[in-house]
Structure formats: C-alpha cells, structure tokens
Amino acid sequence: DKEASFITGLGTPVGEPGWRRVWIALDEQGAIAGHIDLRARPERPASHRAMLGMGVDRAHRKQGLGARLMQIALTWARDEANIEWVDLEVLSVNRAARDLYERSGFTTIGEMPDMFRIDGESHAYTLMTRRS
C-alpha cells in the first residue's frame, strides 16, 4: 500500500490530496546516495503546508549532501509549489539530523514522548517546522 501511494502521489498535482515530489542523489556508481521528498499533509485544510522526509546513505554523510538536497526541495516548495510551510518529524535522538534541520531554518515546535518502541527502547519524536 505504501509503495502504491508513493507512486500515485508522484502523479498527483500539487495541492491535491496525496501529492508527493521526490529528489534523488546518485553516487558515481549510480546507487542512491540520498533522497528528499515533500508530500501533502493528510489534513485537507493544510494544503499550504508540506511534510518533508529525507535520508542520506551512511557512506555519504557529513559531505554536504543533506544540505544540498534540503536547499533544492525548499527552493522548489517556495518557488514552484507556493508552499508556505514545511513540517517534519524526526527521532529526537537523531542529533545530526536535527542539527541539519536547524541549520536549514527549522524550529522545534514540540516533542512526542514514547512515540516508538524500537528493540524494546522508547523513542521520542521531535516536531519541526519552517516557513518556506
């Protein structure tokens, strides 16, 4: 179901429920080094906002790839899609990601304690946002 909604979202016009856009960075061998995506928030009256998701392969971290992907997606959100706000959720223990988001202008707006239990360990979720 998740794969199907991802694929469907790529063909859905921005502003419509379920839209999604993705950017992928490939390494020299053509493997995925990192990705970033923006997608519709699930709440219909929040069409002026988008949710951000991203990941960078461990071998390509701390080389500026995450910041470059972030810049591309945020510029698109502002200039092409007229998105006013970009929101994200990140595991609170992921300090490196939170630092990248803060350098990119995101502000922490809250934390959800005990959001996930991974290998029997409780993990909180940090909620962040920024104007695009």
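These figures come from a predicted structure and were not determined experimentally. (Residues numbered from 1 in each chain as written. Predicted model: local features only at pLDDT ≥ 70, side-chain atom pairs only at ≥ 80, totals over all residues. Heavy atoms only, no water.)

J.: Even after reading the chapter, I still don't get helix 3 (residues 95–103), so can you show me in this structure?
T.: Within an α-helix, residues lying three or four positions from one another point in the same direction, as the helix has 3.6 residues per turn. Within the span of helix 3, buried status applies to Ala-97, Arg-98, Leu-100 and Tyr-101. Projected down its long axis, helix 3 shows its buried positions confined to an angular sector of 160 degrees, all on one face. For helix 3, the secondary structure elements touched by its buried residues are strand 3 (49–56), helix 2 (65–79), strand 4 (85–91) and strand 6 (121–131). Within two residues after helix 3, Gly-105 carries a phi angle of roughly 95 degrees, on the positive side. (Buried < 20%, exposed > 50% of the residue type's maximum accessible area, 1.4 Å probe, protein only. Helix = DSSP H or I, 4+ residues; strand = E, 2+ residues; numbered from the N terminus. Arc of directions from axis to C-beta. Contact = heavy atoms within 4.5 Å.)

J.: Can you help me understand the pattern of salt bridges in this one?
T.: If you walk through the whole model with that rule in mind, you get 9 salt bridges. A salt bridge links Asp-87 to Arg-41; its shortest N-O distance comes to 3.2 Å. You can see Asp-87 sitting in strand 4 and its partner Arg-41 sitting in the loop between strand 2 (32–40) and strand 3, a full 46 residues away along the chain. You can call Arg-41 partly exposed: its relative accessible area is 22%. (Salt bridge = Lys/Arg side-chain N within 4 Å of Asp/Glu carboxyl O.)

J.: Where do I start with the environment of Asp-37 in this structure?
T.: The residue Asp-37 is located in strand 2 in this model. A relative accessible area of 6% places Asp-37 in the buried class. The sequence separation of Asp-37 and Ala-50 amounts to 13 residues, and the corresponding C-alpha distance is 9.6 Å.

J.: How should I be thinking about the sheet that holds strand 2 in this particular structure?
T.: Hydrogen bonds between backbone groups are what pair the strands of a sheet, and the pairing can be parallel or antiparallel. What the 6 strands build is an open sheet, ordered 1-2-3-4-6-5; its pairing is mixed. At either margin of the open sheet sits one strand with a lone partner, and together these are strand 1 (20–26) and strand 5 (107–118). Averaged over all neighbouring strand pairs, the angle between strand axes comes to 20 degrees, with direction disregarded. Packing against the sheet, helix 2 makes contact with strand 1, strand 2, strand 3, strand 4 and strand 6, and its axis sits at approximately 30 degrees to strand 2. Taken strand by strand, helix 3 contacts strand 3, strand 4, strand 5 and strand 6, and its axis lies near 165 degrees from that of strand 4. (Pairing = 2+ DSSP bridges. Axes fitted to C-alpha atoms, helices over the stretch in contact; angles between N-to-C directions.)

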